[in-house]
Amino acid sequence: MVLDEKVKRRFWEALYEVVRGILPKEKVFIGGDFNGHIGPSTGGYGEVHGGFDFGDRNGSSTSLLDFVRAFELVIVNSMFPKREEHLITFRSMVAKTQIDYLLFRRVTEGCARIAR
């Protein structure tokens, strides 16, 4: 779905605030349909993207990848190979894609706090 850039920015700002409020020693698990297609290439995000995904990277993926990197998370379902039928989270007559991701904290102790 195409949303106004202000709506997208407010979403990311709100999510940043929620996650920023979680203590570094706490576990973080986030699941969601981020409409960001990260693609199979790590493309400079190897610390958060394992290289196993489906389809092409789109513009919205950068917001997701930057968010994951900023909070020392990892996109778990990109870390191991899966058959195509297990990667695809949306299928229609004209398209198939993976848009749902699970984000976990990479480090549970001593995470650097994000200062804006």
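Just above sits the structure.
These remarks concern the structure in this document. Just so we're clear, the structure is a prediction, and the values are computed from it rather than from any experiment.

Another point: the pairing of strand β5 (residues 100-105). In β5, alternate side chains face the same way, and those of Tyr101, Leu103 and Arg105 are buried while those of Asp100, Leu102 and Phe104 on the opposite face are not. Pairing between strand β1 (residues 29-33) and β5: five bridges, direction antiparallel. Residue pairing across strands places Ile30 opposite Leu103, the latter belonging to β5. Where strand β2 (residues 73-75) and β5 come together, three bridges link them in antiparallel fashion. By the bridge assignment for β5, Val74 is matched with Phe104.

Time to look at the pattern of salt bridges. Using the criterion set out here, one finds four salt bridges in the structure. Between Glu5 and Lys8 there is a salt bridge, with its nearest N and O atoms 3.4 Å apart. You can see Glu5 and its partner Lys8 sitting in helix α1 (residues 5-20), three residues apart, about one turn around the helix. Taking relative accessible area as the criterion, Glu5 reaches 55% and is therefore assigned exposed. The salt bridge partner of Arg9 is Glu13, with a shortest N-O separation of 3.6 Å. With Arg9 and Glu13 both in helix α1 and four residues apart, the pair spans about one turn of that helix. Its relative accessible area of 33% is what places Glu13 among the partly exposed residues.

Reading guide: rules and limits
- Residues numbered from 1 in each chain as written.
- Predicted model: local features only at pLDDT ≥ 70, side-chain atom pairs only at ≥ 80, totals over all residues.
- Heavy atoms only, no water.
- Buried < 20%, exposed > 50% of the residue type's maximum accessible area, 1.4 Å probe, protein only.
- Helix = DSSP H or I, 4+ residues; strand = E, 2+ residues; numbered from the N terminus.
- Pairing = 2+ DSSP bridges.
- Salt bridge = Lys/Arg side-chain N within 4 Å of Asp/Glu carboxyl O.

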